[in-house]
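So you can see what is in the structure, the chains are spelled out below.
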Amino acid sequence: MSDALDWNATTIAEFRANEGRVGGNFAGAPMVLVHHRGRKSGREYVTPTMYLPHDTAPDVIYVFATKAGAPTNPDWYRNLTAAGDGSVERGTETYKVTVRELADAERDRVYAEQARRYPGFAEYARQTAGVRTIPVLELRRM
């Protein structure tokens, strides 16, 4: 098992055992498990990621396709945008979501807020500058 898959499996187990909370580098951070289908394989995947809640709409969260500052977008991002929907585990609740990719000023505003709250996101943006713009997805409860 690769390091990333091992980390995901460990984080998913911890998330589920602790009602949506994890420790380590993500202690206290809002986490969600994103369920998505492989656009080629059709297989269901689960990916843990941090999220930013919408300021006024409790049924909307934002997720960030950082891939820890890698030069390529993560597979989960490509799967969600291809499908247009998925589901999330948030705390102890699981629900279906629609997916919308943010663009331009809206994307920049949401990403800047996440980077302000969690400076690691600013570092990811520095690492990808000139290579790719990190996508931001709006996940809205169906």
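In what follows, the structure referred to is the one given above.
These notes cover the structure that comes with them. (Residues numbered from 1 in each chain as written. Predicted model: local features only at pLDDT ≥ 70, side-chain atom pairs only at ≥ 80, totals over all residues. Heavy atoms only, no water.)

**Concerning the nonpolar core**
Inference 1: Judged by nonpolar contacts, the single largest core of 18 residues is most densely connected at Y62, F64, V110, Y111, F121 and V136.
Inference 2: Elements supplying a minimum of two residues to this core: α1 (3-17), β1 (31-37), β2 (44-53), β3 (60-64) and α3 (104-117).
Inference 3: The contacts of V136, once residues within four sequence positions are left out, are Y62, V63, F64, R100, E101, L102, R107, V110 and Y111.
Inference 4: Grouped together as the second largest cluster of nonpolar side chains are 15 residues, Y51, I61, W76 and L80 included. (Core = buried A, V, L, I, M, F, W, Y, C linked by side-chain atoms within 4.5 Å. Buried < 20%, exposed > 50% of the residue type's maximum accessible area, 1.4 Å probe, protein only. Helix = DSSP H or I, 4+ residues; strand = E, 2+ residues; numbered from the N terminus. Contact = heavy atoms within 4.5 Å.)

**A few points about the sheet that holds strand β6 (residues 136-141)**
Inference 1: Within the closed barrel, the six strands sit side by side as β1-β2-β3-β6-β5-β4. Their pairing is antiparallel. Looking at each pair of strands side by side, their axes are set apart by 45° on average, direction ignored.
Inference 2: Relative to β2, β1 is paired through seven bridges, and the arrangement is antiparallel. Considered in β2, the bridge of V32 is made with T49.
Inference 3: Against the sheet, α1 makes contact with β1, β2 and β4 (85-90), and its axis sits at roughly 120° relative to β1, the strand it touches most. (Pairing = 2+ DSSP bridges. Axes fitted to C-alpha atoms, helices over the stretch in contact; angles between N-to-C directions.)

**Describing the pattern of salt bridges**
Inference 1: Within this structure, the stated rule accounts for eleven salt bridges.
Inference 2: Two residues, R100 and E138, come together in a salt bridge whose shortest N-O distance is 3.0 Å. Taken as a pair, R100 in strand β5 (residues 93-101) and E138 in strand β6 lie far apart in primary sequence, 38 residues in all.
Inference 3: Looking at R100, the relative accessible area reads 34%, which means it is partly exposed.
Inference 4: For the salt bridge of D108 with R107, the shortest nitrogen-to-oxygen distance reads 3.1 Å.
Inference 5: When its relative accessible area of 43% is taken as the criterion, D108 is described as partly exposed. (Salt bridge = Lys/Arg side-chain N within 4 Å of Asp/Glu carboxyl O.)

**Structural notes on the packing of aromatic side chains**
Aromatic rings considered in pairs are described by the distance between their centres and by the relative angle of their planes.
Inference 1: Within the structure shown, the criterion is met by five aromatic pairs.
Inference 2: Plain terms: the ring middles of F64 and F121 are 5.5 Å apart, the flat faces sit at 70° to each other, and that makes the pair edge-to-face. Taken together, the residues span a long stretch of sequence, with F64 in strand β3 and F121 in helix α4 (residues 120-128) at a distance of 57 residues. Comparing F64 with F121, the two get one shared label, buried.
Inference 3: An aromatic cluster is present here, built from F64, Y111, F121 and Y124 joined pairwise through their rings. (Phe/Tyr/Trp six-rings, centres within 6.5 Å; stacked < 30°, edge-to-face > 60°.)

Scope: geometric values only; no functional claims are made or implied.
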